[in-house]
Number of protein chains: 2
Amino acid sequence: MADAAAEKTGAMDINADAKEPSKSALKKIAKQQKLAEEKAAKASKPKGDSSSASNLKAAQKKPPAQGAAASKEPKAQGAAAGKEPKAQGAAAGKELKAVNVLKEADFAGWYAQVLTKGCFISYTDISGCYVYRPASYAIWEEITRWFDTRIKSIGVKNCYFPMFATKEQLEIEKDHVEGFAAEVAWVTKSGNTPLEKEIAIRPTSETVMYPHYANWIRSHRDLPLRLNQWNSVVRWEFKHPQPFLRTREFLWQEGHTAHLTKAGAEEEVLQILEWYAGVYEQLLAVPVVRGRKTDKEKFAGGEYTTTVEGYIPETGRGIQGGTSHCLGQNFSKMFNIVVEDPANKEGAKLNVWQNSWGLSTRTIGVMVMIHGDNLGLVLPPRVAEIQVVIVPVGITAKTTEEERSMLHKEVDGLEEILKAVGIRVMSDKSEYSPGWKFNEWEQKGVPLRLEFGPGESKGHYVTTSRRDIPGKDGKGQVAITELGTGVEKLLSTIQKDLYDRADQKFKEHTKKITAWADFVPSLNAKNVNLIPHCLTEPCEDKVKDLSARREQDDNTPQDEKAPSMGAKSLCIPFEQPEEGLAEGTKCLNPECDRMAVKWCLFGRSY
Amino acid sequence: MADAAAEKTGAMDINADAKEPSKSALKKIAKQQKLAEEKAAKASKPKGDSSSASNLKAAQKKPPAQGAAASKEPKAQGAAAGKEPKAQGAAAGKELKAVNVLKEADFAGWYAQVLTKGCFISYTDISGCYVYRPASYAIWEEITRWFDTRIKSIGVKNCYFPMFATKEQLEIEKDHVEGFAAEVAWVTKSGNTPLEKEIAIRPTSETVMYPHYANWIRSHRDLPLRLNQWNSVVRWEFKHPQPFLRTREFLWQEGHTAHLTKAGAEEEVLQILEWYAGVYEQLLAVPVVRGRKTDKEKFAGGEYTTTVEGYIPETGRGIQGGTSHCLGQNFSKMFNIVVEDPANKEGAKLNVWQNSWGLSTRTIGVMVMIHGDNLGLVLPPRVAEIQVVIVPVGITAKTTEEERSMLHKEVDGLEEILKAVGIRVMSDKSEYSPGWKFNEWEQKGVPLRLEFGPGESKGHYVTTSRRDIPGKDGKGQVAITELGTGVEKLLSTIQKDLYDRADQKFKEHTKKITAWADFVPSLNAKNVNLIPHCLTEPCEDKVKDLSARREQDDNTPQDEKAPSMGAKSLCIPFEQPEEGLAEGTKCLNPECDRMAVKWCLFGRSY
């Protein structure tokens, strides 16, 4: 089979990579350092005071005495200070400010460093709780603006329900409460006084909201009722918190709607899912697969769940991106949300059809994992708070104050031009060296850097440097007469290229598997596997069990969070392989004797 | 004195009102009913089937079998349903949908009804927690948009800190924790498992945020640091919750900034306060007094607090509208937030100057209390989700289907014209009677109603009906050729008139008091009192004690929430009386022998 061949090649490449991590890593370090050298040399040369600087560390040693705001290690102090993650605390010396863990060598350590040094998050004294700093929160604001506009266009209205629920409320829907009970945080006292009744903090708001829906909805004229809230929810119980991906409190939106007909509900489920895909694909340059969850993986208490699933190349794991649930009439029966049947004048009652759908700040973590590199964050222009940074260069010991002031004025002019066409731009005219600034803005992921010095001024152009292609390959020039359009075009190209590269990786690592023997090796080669499957829960459990890594001599580098994780079903993709399933295809699981129903995507996952 | 005379007149009027509530109330009921009759008669006449309708109840008895979505009583049902307030539950029958408690007779009962029937809030099973329904949340969204744009213009950035704090964090600043300790809600278990350490839910975020400020701020170049978050906070301990005004969880923004100099901090404190005043005055049409809190009333742990104070005429109580605090260097010393002194090269350290400032959903409650009337909510056009509702009228039994369809098409045309000029408009073409619709949209507070029937169509005009002036006095016409500008002008006028009326009441009920004997009678006459005061805390305590109502035969109608409340200082107004304080003026408190320092505004308050 053609696919099997392609897969084999891919698998071999990846295995080679996986079995010799040190060689591969060393190669990349060497490449990164070379790039850094080039940059440092170029940046520092005109200044005259560091022309011999030939490596990244030299550039890094030149911060002014008080340093930059963004990337300091915590001070020793009496107050309960945010604790930085161990990976960073252990490895990073005071002088070292750059990311110093390789993405391909220690993914979790790299992720923590990129987030903290890029000023996306700070750790707190409470495990699993993080500060979303302005740079990451601005991305969340962009996502909310985009999505909020769209849901309002179909009549969704925002509202706010309390963060607290009573025990009685929580327990109305049995499956639902079972799905969340262990994670619920309970408030039991105020000040020093025990509460008469313990109060739950919402892990999600179905049971908080639906009693009110029962009150508000009386007639089919009240339908559809479409409400949404932008809020935070709390899910306390888990072992391995990770910023954005798995946190005890997280920001999200939760939409909760009620419809007269199943068709009305289902149309909305898919519309919302398409917008979730849009957040990933259009804003975050992250490819996702749209599909339906198996019954085992669906939302607790719902009828079915649709999902967008992403893929993290370094760990080879799938990640759930956002889910849009058709709840059917299950909750409306439990909460007695009924209307009179418009087609039946005898007063017959209909239970409404409900949906709920949620998208969280996890989006931001996925974006970081996919685009970030060993220099730091890489932000897609569409969501970057700062899309372009202008850095004056070529100021040396011989530069007069007047010349410097002239150059800065020209930089201000460039900034104005770009602002006028709606580009989010800033110039960095601080006293730090260009090399220092380059590192700083690279860590923060600014998509495009413009360098402007006496040479550029004379030649009427700016030097451009793409964040997504570090080093010489990402350099270019734009004439000042075409600055606005030229930069806009570059930003569009960066956005597209980020998506395309990620998409190619996802596609390359999605393997159609038709023999069980290939299943686990493919997972180990950091693939997700599309397999003929029966879609039953016992079989999924078995697949998970069979694919858990148990051999002690397996020297594949282990993702510390999931060293021996078995594969779960990620989704049943809406877009099935063209050839479909040949009649009589069995479920891939060798211990299952059912027939396959669909191609189902399995993978190790977050 | 001129003021004393004016005050006396005012006081007499008010006392007359207060001592004979029944007469006054009856008068107003009669007036309201007359207006309702007119409306009902007019609205129903063309329909032919209720031409004899002569009172509000008749109009109310005509809902279609299934009724409207908005204003139903809770159904009896198994689920934990939101409980409506007692005032409503007791008084309102199934058939009665209009607000049926008079604002001037039972203010708290009226407030609860107006909010629930106007679809602003729903009550929940947890005392002090309310659902903010779309109609009220839309106003909060408008406030956030307005304020968020402004703070971003001075470089404030949004972010999000966790809702949880450790005990150690909370306790770092002693005065601060004392101010909040009794109100703090504690999470002590997840699922069934006790937490190792109890975790607090933030009552405000100073102690959550400032440890991070200590990490992030190293150099004077990092200043000012200006962060803000839109979030909810929890303050559990209090006796009398009231929607929007005093709730256990509330939505707000909290800004927290750090500055190199006191001057920088102080400039911002006042800028923010001015924007808080802008939210009230420009958006909500609510007049406020800008001033400084006395030391007794300032923020726990801060240096001083500035405030905008409003006034609720029916209760004669002041209400704190929003506060902007200069924290001085107090927190920065506790949390060790220091930078090197840029003027001192010897490495001396400076503690930063900090501010914090917050505005909450209380804004919405104040707006409702001030503008609402006995027909329901009255929304200022600037923040109303729906500014204009168009109601087709004059459809009778003789109207042909074609005529009705033509009329509806014309209504669509009017809607388009208004949308094109940016007015938030909807038309109500449902099958309910015009009288029913009038009541519905009046309860919801829509600022302007346009009526359009065969007469209007023939005459090329619309009939306008102002929500703020119910009945004939608020009626007018606008030619269709001038619809856009005419309606815009009317909305502006409504906005201005709402403000002016409230401002006039506030001014009339702000009394300069120069003899202690007048102090309590003036309070009892629902005034707030501007008095010469020494500004010391013991004296304030004494004033409060002396002004608490203790006589059993005082038959002033009692605000159920504060029957015997003494007066607190509301603020030291920035704008002091022109004449200032004559030299040698004593503090007004007869038991105080200090000299007066400023005119200080005292009042019973929320």
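No experiment lies behind these values; they were computed from the predicted model shown.

The subject of this paragraph is the overall build of chain A. Counting secondary structure elements, chain A contains 18 helices and 23 strands. Taken across its 606 residues, chain A has 59% of its residues classed as buried. By sequence separation, contacts in chain A at least 24 residues apart represent 71% of the contacts at least 6 residues apart. A total of about 24500 Å² of accessible surface is found on chain A, and carbon and sulfur atoms cover 51% of it.

All right, on to the sheet that holds strand E18 (residues 461-466) of chain B then. Residues and elements named next belong to chain B. Across the sheet, which stays open at both edges, the five strands sit in the order E16-E15-E17-E18-E19 with mixed pairing between neighbours. Each having just a single partner strand, strand E16 (425-427) and strand E19 (475-479) make up the two edges of the open sheet. For this sheet, the mean inter-axis angle between neighbouring strands, taken without regard to orientation, is 25°. Note that strand E15 (residues 388-392) and strand E17 (residues 448-452) share five bridges and pair parallel. The residue bridging Pro392 from the neighbouring strand is Phe452, located in E17. Here helix H13 (residues 401-420) sits on the sheet and contacts E15, E16, E17 and E18; the angle it forms with E15, its principal contact strand, is near 165°.

Here we come to the packing of aromatic side chains. For the coordinates displayed, the defined rule picks out 44 aromatic pairs over all chains. Centroid distance A:Tyr210 to A:Phe335: 5.9 Å. Interplanar angle 90°. Geometry classified as edge-to-face. Here A:Phe335 lies in the loop between helix H11 (330-334) and strand E12 (338-340) and A:Tyr210 lies in helix H9 (residues 206-216), a separation of 125 residues in the sequence. The exposure classification of A:Tyr210 matches that of A:Phe335, with both residues buried. Here the aromatic rings of A:Phe519 and A:Phe602 are separated by 6.3 Å at their centres, their planes lie at 70°, and the arrangement is edge-to-face. Residue A:Phe519 is found in helix H17 (residues 516-524), and its partner A:Phe602 is found in strand E23 (residues 598-603); the two are separated by 83 residues along the sequence. There is no split in this pair, since A:Phe519 and A:Phe602 are both buried. Stacked on the ring of B:Trp146, the Lys or Arg B:Arg150 has its end atom at 3.9 Å from the ring centre. Taking the ring centre of A:Trp186 as reference, the NZ or CZ of B:Lys189 above it sits at 5.9 Å.

Turning to the pairing of strand E14 (residues 353-360) of chain A, a few remarks are in order. Within a regular beta strand, the side chains point alternately toward one face of the sheet and then the other, so they alternate between its two faces. All names here are of chain A. In terms of burial, E14 is a largely internal element, eight of the eight residues being buried. Relative to E14, strand E8 (residues 249-259) runs antiparallel, the two being bridged by eight bridges. Across the sheet, His256 pairs through a bridge with Ser356, a residue of E14. Here five bridges tie strand E11 (residues 317-328) to E14, and the two strands are oriented antiparallel to one another. Looking at E14, one finds that Thr323 is bridged to Gly358.

To continue, consider the interface of chain B and chain A. Every contact between the two is made by 80 residues of chain B and, on the other side, 80 residues of chain A. Viewed at the interface, chain A and chain B are joined by eight salt bridges. Residues A:Glu141 and B:Lys152 are paired through a salt bridge, measuring 3.0 Å at the closest nitrogen-oxygen approach. In terms of residues, the side of chain B that touches chain A owes the most to one element, strand E5 (residues 185-190) of chain B, which gives six residues. Residues of the side of chain B that touches chain A, tallied by class, amount to 42 nonpolar, 18 polar and 20 charged.

This part is about the relation of the copies chain B and chain A. Least-squares fitting of chain B to chain A yields an RMSD of 0.1 Å, with the transformation described by 0.0 Å of translation along the axis and a rotation of 180°. When the rotation and shift are considered jointly, the pair of chain copies conforms to a two-fold rotation axis. Scanning chain B for the C-alpha nearest the rotation axis identifies B:Val187, at a separation of 2.1 Å. Interface overlap between copies is the fraction of interface residues in one copy that are interface residues in the other; for chain B against chain A it reaches 100%, indicating a shared surface.

On to the pattern of salt bridges. Residues and elements named next belong to chain A. The full count for this structure, using the stated rule, is 68 salt bridges over all chains. A salt bridge links Arg467 to Asp373; its shortest N-O distance comes to 2.7 Å. With Arg467 in the loop between strand E18 (461-466) and strand E19 (475-479) and Asp373 in the loop between helix H12 (362-371) and strand E15 (388-392), the pair connects residues that are 94 residues apart, well separated along the chain. For the pair Arg467 and Asp373, one class covers both residues: buried. For Asp428, the salt bridge is made with Lys437, and the minimal N-O distance between the two is 4.0 Å. We note that Asp428, like Lys437, is buried. Within the structure, one salt-bridge network assembled from shared partners comprises Glu442, Arg449, Glu451 and Lys475.

About the criteria used
- Residues numbered from 1 in each chain as written.
- Chains lettered and ligands numbered in written order.
- Predicted model: local features only at pLDDT ≥ 70, side-chain atom pairs only at ≥ 80, totals over all residues.
- Heavy atoms only, no water.
- Helix = DSSP H or I, 4+ residues; strand = E, 2+ residues; numbered from the N terminus.
- Buried < 20%, exposed > 50% of the residue type's maximum accessible area, 1.4 Å probe, protein only.
- Contact = heavy atoms within 4.5 Å.
- Areas by Shrake-Rupley, 256 points an atom, 1.4 Å probe, with all protein chains shown as cover.
- Pairing = 2+ DSSP bridges.
- Axes fitted to C-alpha atoms, helices over the stretch in contact; angles between N-to-C directions.
- Phe/Tyr/Trp six-rings, centres within 6.5 Å; stacked < 30°, edge-to-face > 60°.
- Lys NZ or Arg CZ within 6 Å of the ring centre and 35° of its normal.
- Salt bridge = Lys/Arg side-chain N within 4 Å of Asp/Glu carboxyl O.
- Nonpolar A, V, L, I, M, F, W, Y, C, P; charged D, E, K, R; others polar.
- Least-squares fit on C-alpha atoms with pLDDT ≥ 70 in both.

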